[in-house]
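Structural overview
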Amino acid sequence: MDPNIKQELIDIVDKENYTDNLIDLVSYSYDASHFTSRPFCGVWPRTVVHVSEILKLANRQKIPVIPRGAGTGLAGMAVPIKGGIVLDLNRMNQIKKISIEDRLAVVEPGVVYASLEKALAQFGFLFPPDPASGKVSTLGGNVATNAGGVKGAKYGTTRDYVLGLQVVLPDGRIMRTGSKTMKSVSGYDLTKIFVGSEGTLGVITEITLKINPKTTAATTALATFNSLEDAGNAVSQSMYSGIIPSVLEILGRETINAINQNTELALPEVDAILLAETDGYTKTETDFQMQKIIEVFKKNNADQVKLAQTQEEAAELWAARKSAYAVLARLKPSLIIEDVTVPMSKIADLLKGIKEISDKHHIMIASYGHAGDGNLHPQLMYDGYDPEQVKNQEAASAEIFELAIRLGGTLTGEHGIGLQKAPFMSLEHDNVAMDVMRSIKKMLDPNNILNPGKMALEG
Ligand SMILES: Cc1cc2nc3c(=O)[nH]c(=O)nc-3n(C[C@H](O)[C@H](O)[C@H](O)COP(=O)(O)OP(=O)(O)OC[C@H]3O[C@@H](n4cnc5c(N)ncnc54)[C@H](O)[C@@H]3O)c2cc1C
């Protein structure tokens, strides 16, 4: 790092909020993907004015700036691929306001999802998106990636809850978007442009979130299927029940086997298991909803259907689902987890296609995920030290993306584009759409300093 620029950064944030220690630079060179690249330095801004001054300096000197939350992204979004300054927002971590009357919370970007969850729980409220990384990921990261979770089908994703933002633009200007109201049709929706923008358009320094009252009752059921097709059809047909389950998850055979090898749950070893939850305010209501869903499962050849009898039994089933990523990770030295999403009527085709891709490329692919909103997590297990297997994994991933797009779906329902899926953007977005995205980027960030190299914005 140029010593003059280093000094200017220290003048802005103070010495204790600046680092170029090797250990920090190595930490900042990773996220939860397989990409790595070291930044020049890291800074911990504490105020919006710090962020603004840092961006003014970086813009003047044309140095990349990479906003960073907890670094749990799975697509290389926070990896400083062109070096530069990592802007670590973890020290801007205040919950500024919770207003039950206004149904909202105002937070700084470094607040961890679980901290807000805890603060809202005392009022019987929650911020619903619930990413599986919520114990560590930050709300700034959740907004910048439009994070979602198992309840996406019923409750939506982060985008549905962001009412307004404070954003610092690449030239250092500070802007407010949106409002604190439950609805507004005033002007272009600038808020939504920043949700899911992966730190490429502006730095989010304050977030106003809509919050929901918590439900108090739930019913959980497990259904087994002897064919992937039946399970896929049960998912799409479930809409005819007139009920939207709060959770509808699928586990394929490889995932079930891995769970059984690593836990004592002894799940039925079948082609697919569907786990469903209905939620509401009384048990009578949630049982009624579940019966409607079970009728559909049975019409689609469910073999066994089992209702969890106690909260502990339900918790065990959800623990099994949550363990999928980790138990599969044990099988091979390397893994890639994809998050393609298709219209719900295409879930069966997606599952079948993934199985064919797995056989064709001799690569182990376990499927599981949020069937209720068409979002699957094919997890590819391989040996990253074996060039042949790496080639097979890359070919299989590319074919999974092509399949999802062919089925009318999207490259990513949760994890974002970052570096990993940038080469595939034009599969999903036509030339005009790519041109518009690149024009927006150029207009806001003409020097391309904010998180450069991501989302195919430089093509
Ligand atoms: C085990 C595991 C489970 C996961 N489960 C889920 C899941 O269920 N659902 C899901 O959606 N994702 C999931 N993820 C992915 C990841 O946790 C999410 O993408 C999360 O929202 C990232 O938050 P973060 O704070 O770690 O952000 P980071 O990884 O640090 O950053 C992600 C992106 O956001 C940008 N960014 C961060 N903060 C700001 C800011 N203040 N202003 C502007 N840009 C910013 C960064 O530049 C980067 O592009 C999971 C990851 C892991 C490792």
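For the structure, see preceding data.
The following paragraphs examine the structure supplied in this document.

Conventions used here
- Residues numbered from 1 in each chain as written.
- Predicted model: local features only at pLDDT ≥ 70, side-chain atom pairs only at ≥ 80, totals over all residues.
- Heavy atoms only, no water.
- Helix = DSSP H or I, 4+ residues; strand = E, 2+ residues; numbered from the N terminus.
- Rg over C-alpha atoms; globule rule 2.2 N^0.38 Å.
- Contact = heavy atoms within 4.5 Å.
- Areas by Shrake-Rupley, 256 points an atom, 1.4 Å probe, with all protein chains shown as cover.
- Lys, Arg positive; Asp, Glu negative; His and termini not counted.
- Charge placed at Lys NZ, Arg CZ, Asp CG, Glu CD.
- Buried < 20%, exposed > 50% of the residue type's maximum accessible area, 1.4 Å probe, protein only.
- Axes fitted to C-alpha atoms, helices over the stretch in contact; angles between N-to-C directions.
- Parallel < 35°, antiparallel > 145°, perpendicular 65-115°, else oblique.
- Left-handed = near helix turned anticlockwise from the far one by under 90°.
- Nonpolar A, V, L, I, M, F, W, Y, C, P; charged D, E, K, R; others polar.
- Near = heavy atom within 4 Å.
- Polar contact = N/O pair within 3.5 Å; in protein donor to acceptor, adjacent residues only side chain to side chain.
- Pairing = 2+ DSSP bridges.
- Core = buried A, V, L, I, M, F, W, Y, C linked by side-chain atoms within 4.5 Å.
- Salt bridge = Lys/Arg side-chain N within 4 Å of Asp/Glu carboxyl O.
- 1 Å grid on protein atoms, 1.4 Å probe; cavity = no way out; pocket = protein on both sides within 12 Å on 5 of 7 lines; lining within 4 Å.
- Points joined across faces, edges and corners; volume = space filled by probe spheres on them.

A short note on the overall build of the chain
Counting secondary structure elements, the chain contains 16 helices and 20 strands. A compact globule built from 459 residues should have a C-alpha radius of gyration of about 23 Å, and the chain, at 23 Å, falls within 12% of that. Taking the principal axes of its C-alpha atoms as reference, the chain extends roughly 70 × 60 × 45 Å. The contacts in the chain between residues at least 6 apart in sequence include a share of 70% that link residues at least 24 apart. Put simply, the chain shows about 20,000 Å² of open surface, and 52% of that area lies on carbon and sulfur atoms. Taking the 46 positively charged and 54 negatively charged side chains of the chain as two groups, their mean positions are separated by 4 Å.

Considerations on unusual backbone geometry
Trans peptide bonds make up the majority, and among non-glycine residues the majority have a negative phi. One non-glycine residue, Asp-130, lies in positive phi territory at about 50°. Tracing the backbone shows Asp-130 in the loop between strand 7 (125–126) and helix 5 (139–144). A relative accessible area of 29% places Asp-130 in the partly exposed class. If you check the backbone angles, Ala-456 has positive phi at about 55° while not being a glycine.

Regarding helix 9 (residues 253–262)
Along helix 9, the residues classified as buried are Thr-255, Ile-256, Ala-258, Ile-259 and Asn-260. Contacts made by the buried residues of helix 9 are with strand 13 (247–252), strand 14 (272–280), helix 11 (311–322), helix 12 (324–329), strand 17 (364–366) and strand 18 (368–370).

Topic: the packing of helix 8 (residues 228–237) against helix 13 (residues 347–361)
Where helix 8 contacts helix 13, the axes come no closer than 7 Å and their chain directions differ by 150°. As summarised for this structure, helix 8 and helix 13 are arranged roughly antiparallel, according to the angle between their axes. Between helix 8 and helix 13 lies a crossing of right-handed hand. Contact with helix 8, carried on its side by Leu-228, Glu-229, Gly-232, Asn-233 and Val-235, involves Ile-347, Ala-348 and Leu-351 of helix 13 and no other residues of that element. Here the residues of the contact of helix 8 with helix 13 sort into 5 nonpolar, 2 polar and 1 charged.

Concerning the site of the ligand
Close to the ligand lie 33 residues, the nearest being Pro-67, Thr-72, Ser-133, Thr-138 and Gly-148. Within the backbone of Pro-67, one N or O atom sits 2.6 Å away from an oxygen atom of the ligand. Between the ligand and Ser-133 there is a distance of 2.6 Å, counted from an oxygen atom to a side-chain nitrogen or oxygen. Only strand 3 (65–68), helix 5 and strand 10 (203–210) provide two or more residues apiece to the shell around the ligand. Counting residues per element, the shell around the ligand draws most heavily on helix 5, at 4 residues.

A word on the sheet that holds strand 19 (residues 375–376)
The antiparallel open sheet is built from 6 strands, whose spatial order is 15-12-14-13-18-19. At either margin of the open sheet sits one strand with a lone partner, and together these are strand 15 (305–307) and strand 19. Pairing of strand 12 (residues 217–225) with strand 14, which is carried by 9 bridges, proceeds in the antiparallel orientation. Counted as the bridge partner of Ala-217 is Gly-280 from strand 14. Across the sheet, helix 8 is in contact with strand 12, strand 13 and strand 14; its angle to strand 14 comes to roughly 20°. The strands touched by helix 9 are strand 13, strand 14 and strand 18; relative to strand 13, the strand with the most contacts, the crossing angle is about 85°.

What about the nonpolar core?
For soluble globular proteins, nonpolar side chains are generally found buried alongside one another. Residues Phe-225, Ile-250, Leu-274, Phe-297, Leu-350 and Ile-365 are the most contacted members of the largest nonpolar core, which totals 48 residues. Sorting the residues of this core by element identifies strand 12, helix 8, strand 13, strand 14, helix 10 (283–299), helix 13, strand 20 (379–382) and helix 14 (387–406) as the ones contributing at least two each. The dominant element in this core, judged by the number of residues it contributes, is helix 14, at 7 residues. With near-sequence residues (within four places) excluded, Ile-250 lies in contact with Ala-231, Ala-272, Ile-273, Leu-274, Leu-351, Ser-367, Tyr-368, Gly-369, Ala-371 and Leu-376. Residues Phe-125, Leu-139, Leu-209 and Leu-444 belong to the second largest nonpolar core, which totals 25 residues.

Regarding the pattern of salt bridges
Side chains carrying opposite charge are able to pair once their charged atoms draw close together. This model, assessed by the stated rule, comprises 19 salt bridges. Note that Lys-151 and Glu-277 form a salt bridge whose closest N and O atoms lie 3.5 Å from each other. A residue pair is termed long-range when its members are at least 10 positions apart, and Lys-151 in the loop between helix 5 and helix 6 (152–155) and Glu-277 in strand 14 qualify at 126 residues. On the basis of relative accessible area, Lys-151 is assigned to the partly exposed category, the value being 24%. A salt bridge links Lys-421 to Asp-339, with the nearest nitrogen and oxygen atoms 3.2 Å apart. Remark: Asp-339 occurs in the loop between strand 16 (334–337) and helix 13 and Lys-421 occurs in the loop between helix 14 and helix 15 (425–428); sequence separation between them is 82 residues. For Asp-339, a relative accessible area of 0% gives the class buried.

Brief notes about the layout of surface pockets
Estimated volume of the second largest pocket: approximately 740 Å³. In this structure, the second largest pocket is lined by 34 residues; those nearest its centre are Asn-146, Arg-159, Val-195, Gly-196 and Thr-412. For the lining of the second largest pocket, the secondary structure elements donating two or more residues are helix 7 (190–194), helix 15 and helix 16 (431–444). With 3 residues, helix 16 is the single largest residue contributor to the lining of the second largest pocket. Its residues assigned to classes, the lining of the second largest pocket comprises 11 nonpolar, 16 polar and 7 charged.

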